Every structure is written in structure tokens, then in C-alpha cells.
Amino acid sequence: MTNMERLQKIIAQAGIASRRKSEELILSGKVEVNGEVVTELGTKANPEEDMITVNGKPIRSENKVYLMLNKPKGVITSASDPEGRKIVSDYLKGVKERVYPVGRLDYDTEGLLILTNDGEFAHLLTHPKHHVPKTYLATVKGVPHGSALDKLKNGIMLEDGMTAPAEVEYKDVDTASNEAVISITIYEGRNRQVRRMFEAINHPVIRLKRISFGGILLQNLKRGLTRKLTKEEVNNLITLAKSEPAKKMKKR
Ligand code: URA
């Protein structure tokens, strides 16, 4: 049986670039199939049998791997750190494929981080137009009034513009230590967004933990450990990312 696929899909699935960037690579003559430059976008190839190169380097169609890590705080979501701080790959010693994070968590944020070598999957989940929900538990200074939380629910002005509506709920209030734990679900992924949202209502975040990504739950995975996503979880994430934005948002 032949296993012919569009060249841009093969390149994206090999984790080299997004589908769109892969198309650009083809159009700009950087891709060869069996020694011949291919610049036509509809071209199909067999990833198992054809020799496909990008910028002269053969692509390997690795096994697709989908993992979640319970990232501890004090760890950088990147492949290296010039300052020698801990990086997420320090927690992936047993993983032989070259996986990378889907989106990022701040150095001080802990919790659910998905990692994969499937470029197309990563692109799908991080593209802003797909509005994938992410839920965080934020421990904040002071106990915000309901009216302050309503501002977060409805959208609040940050220096890079209004935030989209969010779901916000009290989880715990500790009057003795003057702290509250608030669950917040956002559908965007701006830099330090949750921290900036709480700063904007004058309740700075003390601790931030992501407990869900696209409906996938961290549950009781121990800090610093990984587990593979099930096929069902991977398929659910793909379906969710492709669904209409309005369907992802709970009715308020
Ligand atoms: N929002 C933040 O402020 N930090 C994160 O790490 C993720 C979302």
C-alpha cells in the first residue's frame, strides 16, 4: 500500500515547521524529493520511502510523542538557558525523541505543560485563533471582591489591549493569611497574562499553577514527572482546537 501525503504535511509532521512555514519552504525551493527540487505545493511523497530533504538535510519521520509534564516552579520552558537555570528537558531524561513545549509557562509558574515532536499539533494548539482554554489556580494577595473578579470575567484593559472574557471562580479564601485561591480559565496565551490580569485588580499572584489545558487535566501527576497523553486525549485536543470558538466557552 502506498502512503502518499502532501509534502507540506510530511514536513510539518516531522516537527520541522508549521504547515504554513513548510509551504513557504517548498515555494522557496528549499525542499528536495529524491534529489529533485520541488516547488509545487500539491506534490505528494511517501515519507517512508522517498528521500525528503529540507535545506539539504534529510527529514526523519520520528514516532509522534505527546507528553504532559507537571513543571515545577523555578524551571525555564526553553531548550537551553545561558544562565544555567533548570530547563524542562532536565525532566525528560528517558525521552529519546526531541520534543518541545506547546506554548510556555513562566519560570515561576508550575503545572501542566504539554510537549511533543508533532509540529502541526503544537501549531494548532497555540494558534491564537483557536482559543484553546487553559485553567489556572492563582493564589493571590488579599481577597478580591466579586466586582473585581467580574472585571476579569468581562475583560480588562492591559497594556497590550483588552483581554477576552474569562471564567473566574473563588476556590478558597484564607482570611488569616489574607490570601485567596481563584480558578481562572483564559482562552488566550499572552505573555504573563494571568499575573498581569490580577495585578490590574491590585491582587498580585503569589503562586500560579496550570491545572488544565484544552480540557486535559493535570490531576495527581507528581511534580517533575511526565506521562504520555492517551490517543483519546490527543484526539480530543485536536477536535477542540478545530471547533468553533463559541463552543469552547462555557455559558456565563
Ligand atoms: N499566565 C501567566 O501569568 N503565567 C503563565 O505562566 C501562564 C499564564
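Computed from a prediction, not measured in an experiment: that's the story for all the values here.

Bringing the domain arrangement of the chain into the picture now. As far as domains go, the chain holds domain 1 (5–58), domain 2 (66–128 + 219–248) and domain 3 (131–213). Computed from C-alpha coordinates alone, the two centres of domain 1 and domain 2 are separated by 26 Å. Counting residues at the interface gives seven residues for domain 1, matched by six residues for domain 2. For the pair domain 1 and domain 2, the two sides together bury roughly 450 Å², of which 46% comes from carbon and sulfur.

Of all eight residues making up strand β9 (residues 109–116), eight are buried, and the element is well covered by its neighbours. Both strand β7 (residues 66–71) and β9 contribute to a ladder of six bridges, which runs antiparallel. Following the sheet pairing, L67 is matched in β9 by L115. Alignment of strand β8 (residues 100–101) against β9, held across two bridges, turns out to be antiparallel. Considered in β9, the bridge of P101 is made with L115. Note that β9 and strand β15 (residues 205–213) share three bridges and pair parallel. Following the sheet pairing, T109 is matched in β15 by L208.

Next up on the list: the site of the ligand. Looking at the ligand, the residues that line it are L105, D106, T109, Y136, R192, Q193, V194, R195 and L208. Between the ligand and D106 there is a distance of 2.7 Å, counted from a nitrogen atom to a side-chain nitrogen or oxygen. At 3.3 Å from an oxygen atom of the ligand is found a main-chain nitrogen or oxygen belonging to R192. Surface burial for the ligand is 96%, taken as the share of its 230 Å² of free accessible area covered by protein chains. According to the grid-proximity analysis, the pocket containing the ligand is the largest pocket. Examining the composition of the shell around the ligand, we find that three residues originate from one element, helix α5 (residues 193–200), more than from any other. Its residues assigned to classes, the shell around the ligand comprises four nonpolar, two polar and three charged. Split by domain, the residues of the shell around the ligand number at least three in each of domain 2 (66–128 + 219–248) and domain 3 (131–213).

Rules of the game
- Residues numbered from 1 in each chain as written.
- Predicted model: local features only at pLDDT ≥ 70, side-chain atom pairs only at ≥ 80, totals over all residues.
- Heavy atoms only, no water.
- Domains from an automatic or database assignment.
- Contact = heavy atoms within 4.5 Å.
- Buried area = accessible area lost by both parts, 1.4 Å probe.
- Buried < 20%, exposed > 50% of the residue type's maximum accessible area, 1.4 Å probe, protein only.
- Helix = DSSP H or I, 4+ residues; strand = E, 2+ residues; numbered from the N terminus.
- Pairing = 2+ DSSP bridges.
- Near = heavy atom within 4 Å.
- Polar contact = N/O pair within 3.5 Å; in protein donor to acceptor, adjacent residues only side chain to side chain.
- Areas by Shrake-Rupley, 256 points an atom, 1.4 Å probe, with all protein chains shown as cover.
- 1 Å grid on protein atoms, 1.4 Å probe; cavity = no way out; pocket = protein on both sides within 12 Å on 5 of 7 lines; lining within 4 Å.
- Sits in = over half its atoms within 2 Å of the grid points.
- Nonpolar A, V, L, I, M, F, W, Y, C, P; charged D, E, K, R; others polar.

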